[in-house]
Structure formats: C-alpha cells, structure tokens
2 protein chains.
Amino acid sequence: MKVALVNGEPARSIALDDRGLHYGDGLFETLAVRSGAPVLLAPHLQRLERGCRALRLPAPEREVCERELRATAASLREGVLKLMLTRGSAGRGYRPPPNPQVTRIVLGYDPPAHPPQWRSHGIRARLCSTRLGRNPALAGIKHLNRLEQVLARAEWDDPKIAEGLMMDEDGRVVCATSANVFAVLGRELVTPPVAECGVAGVVRGVVMEVARETGLSVVERALLPSELADADEIMLSNSLIGVWRVRELEGRELSADNVRRRLLPGLAARGVSVEA
Amino acid sequence: MKVALVNGEPARSIALDDRGLHYGDGLFETLAVRSGAPVLLAPHLQRLERGCRALRLPAPEREVCERELRATAASLREGVLKLMLTRGSAGRGYRPPPNPQVTRIVLGYDPPAHPPQWRSHGIRARLCSTRLGRNPALAGIKHLNRLEQVLARAEWDDPKIAEGLMMDEDGRVVCATSANVFAVLGRELVTPPVAECGVAGVVRGVVMEVARETGLSVVERALLPSELADADEIMLSNSLIGVWRVRELEGRELSADNVRRRLLPGLAARGVSVEA
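Remember, predicted model here, so these are calculated numbers, not experimental data.

A.B. asks: Explain the sheet that holds strand β5 (residues 37–38) of chain A to me, please; I cannot follow it from the model alone.
C.D. replies: Pairing between the strands of a sheet comes from backbone hydrogen bonds, and it takes one of two forms, parallel or antiparallel. All names here are of chain A. With antiparallel pairing, the six strands of this open sheet are ordered in space as β2-β1-β7-β6-β4-β5. Two strands in the sheet have a free side with no partner beyond their single neighbour: β2 (9–10) and β5. Note: strand β4 (residues 26–34) against strand β6 (residues 79–86), eight bridges, orientation antiparallel. Considered in β6, the bridge of Leu 27 is made with Leu 85. Each of β4, β5 and β6 is contacted by helix α2 (residues 41–55), which is oriented at about 175° to β4, the strand it contacts most.

A.B. asks: Help me out: how do you make sense of the environment of A:Leu57 in this one?
C.D. replies: All names here are of chain A. Along the chain, Leu 57 falls in the loop between α2 and α3 (62–76). What makes Leu 57 buried here is the crowd of 23 C-beta atoms within 10 Å. Distance in space between the C-alpha atoms of Leu 57 and Ala 113 is 33 Å, their sequence separation being 56 residues. The residues contacting Leu 57, other than those within four sequence positions of it, are Leu 27, Cys 52, Leu 85, Arg 87 and Val 102.

A.B. asks: Mind showing me how you'd approach unusual backbone geometry here?
C.D. replies: Peptide bonds are mostly trans, and most non-glycine residues show a negative phi. With a phi angle near 55°, A:Leu40 is a residue other than glycine that sits in the positive phi range. Even without a glycine there, the phi angle at B:Arg56 is positive, about 50°. Positionally, B:Arg56 belongs in the loop between α2 (41–55) and α3 (62–76). Residue B:Arg56 is classed as exposed on the basis of its C-beta count, with 12 C-beta atoms lying within 10 Å.

A.B. asks: What am I meant to see in the sheet that holds strand β4 (residues 26–34) of chain B here?
C.D. replies: Residues and elements named next belong to chain B. One open sheet accounts for six strands, arranged β2-β1-β7-β6-β4-β5; its pairing is antiparallel. The open sheet has two free edges, formed respectively by β2 (9–10) and β5 (37–38), since each of these has just one partner strand. Bridge count for strand β6 (residues 79–86) against strand β7 (residues 103–109) is seven bridges, and the pairing is antiparallel. Its bridge partner lying in β7, Leu 81 is registered against Gly 108. Packed onto the sheet, α2 meets β4, β5 and β6 and runs at close to 175° relative to β4.

A.B. asks: How do you make sense of the nonpolar core when you look at a structure like this?
C.D. replies: Where a protein is soluble and globular, its nonpolar side chains tend to be buried together. Counting residues in hydrophobic clusters, the biggest one holds 170 residues, and the most contacted among them are A:Val181, A:Val207, A:Ile234, B:Val181 and B:Val207. The residues touching B:Val207, leaving out its near neighbours within four places in the chain, are B:Phe182, B:Ser237, B:Val243, B:Leu263 and B:Leu267.

A.B. asks: Even after reading the chapter, I still don't get the interface of chain A and chain B, so can you show me in this structure?
C.D. replies: By a widespread convention, an interface's size corresponds to the accessible area lost as its parts come together. Of the residues lining the interface, 44 residues belong to chain A; the matching set on chain B comes to 44 residues. Breaking the side of chain A that touches chain B down by element, the ones donating at least two residues are β3 (13–15), α1 (19–23), β7 (103–109), β8 (123–132) and α5 (147–153) of chain A. Considering every element that reaches the side of chain A that touches chain B, the biggest residue donor is α5(A), with six residues. Inspection of the sheet shows β3(A) paired to strand β3 (residues 13–15) of chain B by three bridges, in the antiparallel sense. Each residue of the ladder has a partner; that of A:Ile14, found in β3(B), is B:Ile14.

Rules of the game
- Residues numbered from 1 in each chain as written.
- Chains lettered and ligands numbered in written order.
- Predicted model: local features only at pLDDT ≥ 70, side-chain atom pairs only at ≥ 80, totals over all residues.
- Pairing = 2+ DSSP bridges.
- Helix = DSSP H or I, 4+ residues; strand = E, 2+ residues; numbered from the N terminus.
- Contact = placed C-beta atoms within 7 Å.
- Axes fitted to C-alpha atoms, helices over the stretch in contact; angles between N-to-C directions.
- Buried ≥ 20, exposed ≤ 12 C-beta atoms within 10 Å, placed from the backbone.
- Core = buried A, V, L, I, M, F, W, Y, C linked by C-beta atoms within 7 Å.

Written out as structure tokens, the structure is:
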C-alpha cells in the first residue's frame, strides 16, 4: 500500500467499531491507474452510487471521491486505486444507524504483478468448486461480503493458473473469482447475467458496448460449463487485467482469438488495457 | 464499547489492510457476560474453531481466547463480549496469504438495552422480505459477511417490533436477523436446518438438547411461513436474549407458552438467560 486516505486524511487504520469490519457493510471499487490518471472513473463512480442506493448508504459527493482518486492516481502514476465506503462507526447490532457517517477509504497500490505473457498470450483457467449463493438484493454491486471469492481463490496454488470460474448453486457459470466472463458460441458473444449473483463489471459493460458497435450479437444468458467446453473463445474482463484471452480451461486448449482481436481497437479507444 | 483488545493489547483501531475489512474474511462470536463470567464459553469457542476449519483460518490457541474473554468479562461484570478473528493484514487480492497472521479482536459492551417486558412477556416479530442466499460452504458458521442481515434489519423502524424472520430464496423460514427460530407444531419442536444458510446458534444447540431431555420430539426441517401461522408457540434464541417467546407474528397473537415453560429449568441450569 503506497497511499492510504481515510475521509481525506492520511491514515493507516480505521476504528474498531466500523461496520465495514463487523459486517462487511459497505462497497468498493478497484480502478486501474495509467499515466497518473484513473481509468474509466465515471462508470466506476456510477456503479458505486448504484451500490449506495442498493445498500441505502448515503453516497459521498461525487466531486469528493473524484478529487481524492485523481490526486492519488497522480501520485501513483501507474498502479491500482481502491475506494471503499463503509457505513461507518456504530454500536452493536445489525440495524443501520439512522444517520451513518460513511467511512471513505482511498488506497493506492503498485500495479498487479501478473506475468506479462498472460496479457500477451492468454491465461490458463480452472473451474472452482466453491459456489456463489444467489441474492438479488446484493447481486451486481461490489459490496464488501467477499468470502465466496476468497474460498474460491483458495482452491488452487498453481501459479500457472491465473483465474477460476465460479458457478451458482445450479451449476451455471457466473464469473471468475475477480473477473467477468465472456464466451464466443457460434455467432454470439455470451456473458452470464448478474441479477442473482456476480458483479456488474465496469469493463464487462464496455466489452458489451464495444462488441455491439462492432456488429456482434451480445447475449446475457446462463452459461453452462459444457458450453464453455465447446466455446470458440473465452475471455475474462476486469479493470486491472482489461480483457484476457483464456487459452486453456481445465486442460482444453482454445486457439481462436478472432472476436477478441475484433474488439481491441474499440476497447483501447475507451481506455481498457489490451494487447494485440 | 467499554473494552477493546487487538491481539491482546488495548487498541481503538485496526490496520487498513486487514482482510476482515476488505472481504469480511473472518469470524465472530457474541457471548453474554453475567456476574463477571462469559456464558457458554466452551461451545462458543468450539463453534469458532469449526468456523476456522471451514475458512481454513489458523485458529488461535483456545487458552489465549479464553484468557482474554474471561478477563474482559470480569471487568464488565454484566454485558456483552464480541470476539472477532480475521485473516489479518495482506496485500491486494482475494487469495489468502500462505501464512496469515490472524487478527484477534475482543470487544466488551454494555448489556443490550431491550425493554424488560420482551423477556418477561414475549416479543412482536415480522417476516422480512430480504432473503438469505444459500451457500453450504458458509452456512452454519458465524462469518463476517452479514449484509443480508443488515438489509433485513433495515426493513423496519417500529421500536415495538423486536425481530424479523428471514426466508431463503424458496420462501422457507431459516432464522431471525440475529436469532434462531423454533416452532411448536403439534407434538414437535421444529427448527430449520442450517446446512444451506443461517447460523448454528450456540443457544439453538442448548435448546435442542434440553428439549430432547425433556421428552420433546425435536425436528430439524424446513419451516414454511404458513406453518408459522398455525404454530402453537414460536420462540427465538440467541446468546444475549436467551429464549424469547414470540407473542405476535405479523399481527397474529400467540398465547400458548407451554413448551417454553417446560424448557426453562433445563435452560437455566445451563446458564441460558430465561424468565418464567
């Protein structure tokens, strides 16, 4: 951690009675920083505000978040921003205080240490056995209850495997532990809906937009592991990796890279980090 | 908060990079303190250890937790203990560090400020619309991902309503926002299983044990709201309330109190706080 601000002030700690710690009662955003600027800042702040509405958390003024994120990005130059909002300090009990003083945390980190060939040549992925519980009230937003992802990411140690796909309890693929998933099936680009579980990724939204502009048919629908075994291409997206090609899933090689390449110019034009 | 220890030392804050804050990556226990001693200490620590195994969190030595809880209870005399364990400080990413330094937090609070007639005459309860997602990997343990309970508890403001019952996504009653639920149906004492969602309450276990010793037939099975509407008695249990009688659920009065009264001597003998 190279930078840390709590409510705008440099800090190294938060209060022990913060509801973020006690209940995961809050939200976060993770942004890439390139050339001293946060990437896709506006849609990240929009999703944060949607999350605030879902959790009935008073949203801080957008200008305040923007100013702190931009200043931290400027000092990092290249790296990662994490913004967390929690429902602040409170007494015992689940009941939210009537007038919470939201805790606003801005953290700055070095860029992720992924091997460069993951970006250039694609990654290996696996299927996780940890399932995602369904909860429409929490689906789509980036809240602080992330134990399912922690347990899924704990399933493998092999450093050659970059990501793991997670299914819901009915065995439908939803996302990777920290990325959204796309599959090219025939003439369609398919990505699972995020209405019951999963996160509505900012880069997921950009990929869908660019794909439609490129003339692709983009479909949000349930995706079965058996369909992934037949997919021509599989891609993963998030704010830090941009879009990765999956070149191996559970031992099966995927060699095609046509659709992803078709998306590259549009993605790059929107600031999403990709490599041809 | 009257007492606060982090890893055995008086403290008011935890590090900003603690995984308890970032992911809810941890566990907690809430214990009643009476006459300077923690109530049902052994089963609480046993459940904590089960939770550690489920999350693959290195459990602290039981003696260390015991010593800190007993010392804090002695200083409180009457009140509430909360013990939290998190996977400690770490860098970015869901992946658990290979050798986490668990953060151990002991907090001491005043007794809950419930109206005394709730204990003596029973409580009013409601049905919540916020549902519980199913996840067998997390069910039963008392982990720090509690947004579902927070959203459910935010559904009502009426101070006359003490608790809200929560259902899973199929509409089966699982528990209250912070208590387990029992219903007397004919000759059976029914409580929902906690294998898919909900918490295996320590007092829930004591109630089941005492009920069996008293000759009651105790059944763990799914409980529908329509069955609650027909129940002779409904009870809620947790470590702070002991066992409450529900005297009104969604406007329906429940006047019988036979089974609960039959359990009182056995519960009291085990240290569970109850009132005749």
